[in-house]
Structures are given as C-alpha cells and as structure tokens.
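So the chains spell out like this:
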Amino acid sequence: MERNTRQRSAIRDAIAEAARPLLPQEVLERAQRTAPGLGIATVYRNLKALVDEGLLRTVTLPGEVPRYEAAEHRHHHHFQCTRCQRVFDVHACPGDLSHLAPPGFSVEDHELTLYGRCSDCAAAPN
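As the structure is a prediction and not an experimental result, all values here were calculated from the model. (Residues numbered from 1 in each chain as written. Predicted model: local features only at pLDDT ≥ 70, side-chain atom pairs only at ≥ 80, totals over all residues. Heavy atoms only, no water.)

Participant: Where do I start with the pattern of salt bridges in this structure?
Facilitator: Side chains carrying opposite charge are able to pair once their charged atoms draw close together. Enumeration according to the criterion identifies six salt bridges in this entry. Between Glu53 and Arg8 there is a salt bridge, with its nearest N and O atoms 2.6 Å apart. Of this pair, Glu53 sits in the loop between α3 (40-52) and β1 (56-59) while Arg8 sits in helix α1 (residues 6-18), and the two are 45 residues apart along the sequence. Looking at Glu53, the relative accessible area reads 30%, which means it is partly exposed. For Lys48, the salt bridge identified is with Asp52, shortest N-O distance 2.7 Å. Residue Lys48 and its partner Asp52 are both found in helix α3; the two are separated by four residues, about one turn of the helix. Each of the two residues, Lys48 as well as Asp52, counts as exposed. (Salt bridge = Lys/Arg side-chain N within 4 Å of Asp/Glu carboxyl O. Helix = DSSP H or I, 4+ residues; strand = E, 2+ residues; numbered from the N terminus. Buried < 20%, exposed > 50% of the residue type's maximum accessible area, 1.4 Å probe, protein only.)

Printed below as a string of structure tokens:
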C-alpha cells in the first residue's frame, strides 16, 4: 500500500472535487494548486497505484487518452463535449439493452457515451 503523501492527497482531492473524469494533465493542473512542484510522472505513478488499489477507475473513450474518476460511482455513463472535449458523468441509464444485441448473443454489460456541447460551450457564441 502506498504512503498517503501530500502529493497523493492532492491528486485524490483534485479528482474528488472535479466530480467528473479527468485527464492526467487536468489532474496535474488541479493538484498543483495544493502541491506546487508536483510533476506529471508523479501524477501517472499515483493514478496507476490508485487504480490498482481500487480507489480510482479508468474511463476510456475511443481514440482518447484515459481519464480517471473515483471508483465509488455506481453504474453510470458519460457525456463528452465536442467543443471543449471535457467529459462529464451521466447518472442515468436506459436500462436493459439486450434487445439491441444480435440474435443468440448475451449482453453482459454496457457503456454509453453521449456527445454534444456542455452547458458552458452551448451558451458560448460560435
């Protein structure tokens, strides 16, 4: 088990306070507010350790760098803004999607990503 250092605490707090999946660079920028001098290598090392310990979950979208979120979230989906590229949690689910699978297939799980403009980008002029 890793030591709970000031840097590690800053990384965990950055993810918790964001309340949305963050890229490693976003984690770095937020965590540096309370841990100046924190480097990207330390962020990556701690993200890996926190995932291995089950405290964080990786959010992987096609063609994107993995993002990280707290593992305590229950089943949920994501929304990616097509303008600013930020990803947000969607705490809703359409439910059983097994009727969409080809005949004879068995659905075990699903992940959905909605795409569009977040409220900040939707309100901004083009």
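Participant: What is the right way to look at helix α2 (residues 24-31) in this model?
Facilitator: Structural remark: α-helix, 3.6 residues per turn; residues separated by three or four positions point the same way. For α2, the complete set of buried residues consists of Pro24, Glu26, Val27, Leu28 and Ala31. Buried residues belonging to α2 abut α1, α3 and β2 (67-70). (Contact = heavy atoms within 4.5 Å.)

Participant: Looking at this model, I keep getting lost on the environment of Val43. Mind explaining?
Facilitator: Positionally, Val43 belongs in helix α3. Separated by 27 residues in the primary sequence, Val43 and Ala70 have C-alpha atoms spaced 15 Å apart. With near-sequence residues (within four places) excluded, Val43 lies in contact with Ile11, Pro24, Val27, Leu28 and Leu38.

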